[in-house]
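# Descriptive analysis of the structure
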Amino acid sequence: MVTSSPTAAAASSTPPGPLDLVIFGGAGDLSVRKLLPALYMAHLHHNLPEATRILALGRQDWDRGTFTAFIDDKVRGFIEPEALEDAAWTAFKDRLAYVCLDATQPGDFAALGAALQNGSDRVYYLATAPTLFTGICAHLASANLIDARSRVVLEKPLGHDLASARQINEEVGRHFTEAQTFRIDHYLGKETVQNLMVLRFGNTIFEPLWRSPFIKSVQITVAESVGVGSRAGFYDGTGALRDMLQNHLLQLLCIVAMEPPVSLDPDAVRDEKLKVLRSLRPLTVADVARDTVRGQYTAGSANGDKAVGYLQEDNVPPDSTTETFVALRAHINNWRWANIPIFLRTGKRMAERRSEIVIEFADLPYTIFPDAPRQPVNRLMIRLQPEEHVQLQMMAKEPGSGMRLRPVSLNLDLESAFSARRAEAYERLLMDVIKGRLTHFMRRDELEAAWTWVEPILDGWKNLNEKPKAYTAGSWGPAASSALMARENSAWVEES
Ligand code: BG6
C-alpha cells in the first residue's frame, strides 16, 4: 500500500530515468488498434523519453519472434502509411518486449518484475476487462512492483454501475493514490475537445451569451456509422448508454456547461466538471419514460453497402434487447442553465460518422421581417469529427428586391487554419500520463457522479421493461428521437 501521497514533482514531471510502460492486454484489440500505434507516433516524433521500454503482456505463450511477427502483421495496419518509416519502426520494436502473464495468477507477476528495468518509473496501463483491475493492482502490490512514482491507467468502462465503479476505485485506491491514477476517456484527448475549452475560455464574445435566457437548447451528437463489429461479446452486455453516454457524452457536456475554472490545474478543471455532473436533474421513472429513447438498429445500409441488423450480428443473442442508440433530454439545475433543454444522442449504424455540439440561441423576441424562415436564427455548431470546424449560423438578406432572409455561416475550418500535425487522442493522453498531467483524466468523484446520474436511467428502463425501438441501419435513429425534440419546439440539426 502506498502511504505517502506522491509529491507534486513525482506526479507531474517526465521521469528522468528509465521508464517502463506496461500494457496489460498488450496483444488485445485496444493495444493493437490504438495504444501501440500511438506509442509508435510518439516515438517517431521523438516524444518518448529516451529510456522508455514498452512491455506488452498477454496470456499467449509467445517468444520474441512470434511477438514481433504479430506486431508487424497487426499493428502496422493501424498506422498512417506515410508515417511508417523503416528505421523508426525497427527502433520502435527494439523498445518493445512481450511477457507472457495471466493477470489472474499472482505467481505470474514475478516474470513481470524480472522484465522491468532496474529502478525504472512504471506506468501500468490496464487495457483489460474492468473485472480484472482490482486483482491486477493487488498482484502488482504483492510482487512489490508499485512505488510512489508508479502510475496506473484505467481504461473505460470503469465498472458497470455505481457500486462496481466504487468498488474498483476503492480497491485500486489501496495501491495507487488519486494523483497516480489516470482514468482515461479518450474523448478528452481529442484536439477539438480540448479546443472547446479555448473556444469558451480563450475568447470573450461567447461567454456573455453562454447562459439562460440567451440559449434555447443544446444538442450533443456522437453518431457512428459502424456497427457493433466483432465486439458483441463486450457490447451486448453494455449498450450505448454505458459505452458512450455515461462517459464520452457527459464529459463533452461538462466542458460545454462548466463554469470557468480558476486555472488549468487538474483539480480546478475537474472541480468545475464535477459541479456540472452534480447539478444534472435526476430522472424519475416517469422522466425516463418521457425523456429517453432507446433504439436498436435493424438491417439497412452503411456507407452505401448493405448492413445487417444488430440481432443478426455475430455473437449477438437473437432476442437481445441491448440498445445501440440512445437519445435523451437532460437539464442542469443551476442559474446558467435553468430551463434549457440539453439533448444528448449517440448510436451505432447511424447515417454518418459525426460528433457535433450545437448551441441554439434564443428565438427572436419579435420579427419585423414577414418572410423570416421559421428555422432557428443563430446557432453555434462545433464539429468534432470527422472534420474539425466551428460554424456560426447567422441570418442574412438574400440578394434581390424583397427582404427575404436566409441562414448563412461564418466558418472556421480548424484543419486549414493550422497545418501542424494533430496527434491522435491516445497519443496525447499517453504523453500526459508519462508527464504526470491529470487535467484530461477523470477524477474518482467525477466518475461516480456520472454513474449516480446514469444509474436511475438504467433502473427506469428495467422498470419499464420495453424493447428498444427499431431504427434502420443508416438512419438517424428511431422516430421517437425526433419527437423528443419536437416536444420542445426544437429539431436535430439535420432535420431543421
Ligand atoms: C469507445 C466505444 O469508447 O469509443 C466504442 O467503446 C466507440 O464503442 C468508440 O466506437 C468511438 O470512438 P471514436 O474516437 O471513434 O469516436
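Values in this document were obtained by computation on a predicted structure and should not be read as measured data. Residue numbers run consecutively from 1 along every chain, following the written order of its sequence. With pLDDT at 70 or above as the cut-off, local features in this predicted model cover only qualifying residues; side-chain atom pairs require 80 or more to be listed or tallied, and sums for whole chains, interfaces and linings still use all residues. To get the side-chain values, take all heavy atoms of the structure and skip hydrogens and water.

## Considering the site of the ligand
- Contacts to the ligand come from Lys156, His186, Tyr187, Lys190, Glu224, Arg231, Asp243, Met244, His248, Lys348, Arg353 and Gln385.
- Tyr187 places a polar side-chain atom, nitrogen or oxygen, 2.5 Å from an oxygen atom of the ligand.
- Under the rule applied, a polar contact is a pair of N or O atoms within 3.5 Å (in protein, one hydrogen donor and one hydrogen acceptor; residues adjacent in sequence only if both atoms are side-chain atoms). Between His248 and the ligand, the recorded distance is 2.7 Å, taken from a side-chain N or O atom to an oxygen atom.
- Each residue belonging to the shell around the ligand can be placed in one class, and the counts come to two nonpolar, three polar and seven charged. A cutoff of 4 Å decides nearness: a residue is near a molecule or strand if any of its heavy atoms lies inside that distance of it. Gly falls in the polar group here, along with every residue not listed as nonpolar (Ala, Val, Leu, Ile, Met, Phe, Trp, Tyr, Cys, Pro) or charged (Asp, Glu, Lys, Arg).

## Things to note about the packing of helix α6 (residues 133-142) against helix α7 (residues 162-173)
- It is the contact of α6 with α7, at a shortest axis distance of 9 Å, that shows an interaxial angle of 5 degrees. By the angle between their axes, α6 is roughly parallel relative to α7. The segment α6 lies against α7, with Phe133, Thr134 and Cys137 engaging Gln167, Ile168, Glu171 and Val172.
- Class assignment for the residues of the contact of α6 with α7 results in four nonpolar, two polar and one charged. Structural elements are reduced to axes, namely lines fitted to C-alpha atoms, with helices fitted over the stretch in contact, and the angle between N-to-C directions of any two is expressed from 0 to 180 degrees. Helix and strand definitions follow DSSP, with helices as H or I runs of at least four residues and strands as E runs of at least two, each counted in order from the N terminus. With respect to orientation, any angle under 35 degrees is reported as roughly parallel, any angle over 145 as roughly antiparallel, any angle of 65 to 115 as roughly perpendicular, and every other angle as oblique. Only heavy atoms matter for contacts: two residues are in contact if any of them lie within 4.5 Å across the pair.

## Some words on the nonpolar core
- Buried residues of nine kinds, namely Ala, Val, Leu, Ile, Met, Phe, Trp, Tyr and Cys, make up a nonpolar core once their side-chain atoms join them within 4.5 Å. Partly exposed describes any residue whose relative accessible area lies between the buried limit of under 20% and the exposed limit of over 50%, with all areas from a 1.4 Å probe on protein chains only and scaled to the type maximum. One finds Phe24, Leu112, Tyr124, Leu250 and Trp453 to be the most contacted residues of the largest nonpolar core, which totals 105 residues.
- If you tally residues by element for this core, the top one is helix α10 (residues 239-257), at twelve residues.
- Once residues within four sequence positions are removed from consideration, Leu112 is found in contact with Val22, Phe24, Leu55, Leu57, Val99, Leu101, Tyr124, Leu140 and Leu145.

## Some thoughts on the sheet that holds strand β4 (residues 121-126)
- One requirement defines pairing of two strands: DSSP has to find at least two bridges between them. Taken in spatial order, the six strands of this open sheet run β3-β2-β1-β4-β5-β6, and their pairing is parallel. The sheet is open, and its two borders are formed by β3 (96-100) and β6 (181-183), each paired with just one other strand. On average, adjacent strands in this sheet sit at an angle of 20 degrees to one another, irrespective of strand direction.
- Strands in contact with α6 are β1 (19-24), β4 and β5 (151-154); relative to β4, the strand with the most contacts, it is inclined by about 160 degrees.

## Here's the deal with the packing of aromatic side chains
- Here is the rule: rings of Phe, Tyr and Trp (six-membered ring for Trp) pair when centre to centre is within 6.5 Å. Planes less than 30 degrees apart are stacked, more than 60 are edge-to-face, and the remainder are tilted. Within the structure shown, the criterion is met by 16 aromatic pairs.
- Ring centres 6.3 Å apart and planes at 65 degrees place the aromatic pair Tyr235 and Tyr310 in the edge-to-face group. With a gap of 75 residues between them, Tyr235 in helix α9 (residues 232-235) and Tyr310 in the loop between β10 (305-307) and β11 (325-330) connect regions that are remote in the sequence. In terms of burial, Tyr235 and Tyr310 fall into one category: buried.
- Aromatic rings pair up to connect Tyr235, Tyr297, Tyr310, Phe325 and Tyr471 into one cluster.
- Between the NZ or CZ atom of Lys190 and the centre of the ring of Tyr187, over which it lies, the distance is 4.6 Å.
- Residue placement shows Arg345 over the ring face of Trp492; its charged tip is 4.0 Å from the ring centre. Cation placement over rings: the criterion is NZ of Lys or CZ of Arg within 6 Å of the ring centroid and within 35° of the ring normal.

## Observations concerning the side chain of Arg349
- Within the secondary structure, Arg349 is located in the loop between β12 (342-347) and β13 (354-361).
- Positive charges are assigned to Lys and Arg, negative charges to Asp and Glu, while His and the chain termini are left out of the count. When a carboxyl oxygen of Asp or Glu is within 4 Å of a side-chain nitrogen of Lys or Arg, the pair counts as a salt bridge. One buried charged residue, Arg349, forms no salt bridge at all, with the nearest opposite charge on Glu313 at 4.5 Å.
- Among all residues touching Arg349, those that are not within four sequence positions of it are Glu224, Ser225, Val226, Gly227, Tyr297, Ala302, Ala307, Tyr471, Thr472, Ala473, Gly474 and Ser475.

## Section: unusual backbone geometry
- In this structure, the amide linkage connecting Lys156 to the following residue, Pro157, adopts the cis form with an omega of 0 degrees.
- Tracing the sequence through the fold places Pro157 in the loop between β5 and α7.
- Unlike most non-glycine residues, Asn144 shows phi in positive territory, near 65 degrees.
- Looking at the element boundaries, Asn144 is found in the loop between α6 and β5.
- At Asn489, a residue that is not glycine, the phi angle is positive and equals roughly 65 degrees.
- Note on placement: Asn489 falls in the segment after α16 (479-486).

## Concerning the environment of Pro456
- Positionally, Pro456 belongs in helix α15 (residues 444-464).
- Here Pro456 falls in the partly exposed class, since its relative accessible area comes to 25%.
- Each C-alpha atom of the pair Pro456 and Ser301 lies 33 Å from the other, and the pair is 155 residues apart in sequence.
- Discounting chain neighbours no more than four positions away, the residues touching Pro456 are Leu283 and Val288.

## Some details on α15
- Each helix should span, by expectation, one fewer than its residue count multiplied by 1.5 Å. The end-to-end C-alpha distance of α15 is 31 Å, a good match for the 30 Å that 21 residues give at a rise of 1.5 Å each.
- By definition, a residue's bend is the angle between the axes fitted to the seven residues ending there and the seven starting there. Along α15, the helix axis deviates most sharply at Val454, where the bend reaches about 30 degrees; the proline Pro456 sits within four residues downstream.
- Regarding α15, the residues found buried are Glu446, Leu447, Glu448, Ala449, Ala450, Trp451, Trp453, Val454, Ile457, Leu458, Gly460 and Trp461.

## Focus on α16
- Here α16 has its buried residues at Ser481, Leu484 and Met485. All buried residues of α16 fall inside an arc of 95 degrees around its axis, so they share one side.
- Against the buried residues of α16 lie β7 (215-223), α12 (285-291), β8 (292-298), β11 and β12. Regarding the arc, it is the one traced by the directions from the helix axis to the C-beta atoms.

## A word on the packing of helix α2 (residues 29-44) against helix α4 (residues 86-95)
- Interaxial distance between α2 and α4 falls to 10 Å at its minimum, and their mutual angle equals 115 degrees. As for the relative orientation of α2 and α4, their crossing is right-handed in sense. Where α2 abuts α4, its residues Leu36, Leu39, Tyr40, His43 and Leu44 lie against Ala88, Trp89, Ala91, Phe92 and Arg95.
- Partitioning the contact of α2 with α4 into residue classes produces eight nonpolar, one polar and one charged. A clockwise turn of the near helix away from the far one marks a right-handed crossing, whereas an anticlockwise turn of less than a right angle marks a left-handed crossing.

## Some words on the environment of Val308
- If you trace the backbone, Val308 turns up in the loop between β10 and β11.
- On the basis of relative accessible area, Val308 is assigned to the partly exposed category, the value being 41%.
- Val308 sits ten residues away from Thr298 along the chain, and the two C-alpha atoms are 6.8 Å apart.
- Leaving out residues up to four positions away in the same chain, Val308 has contacts with Tyr297, Thr298, Ala299 and Glu313.

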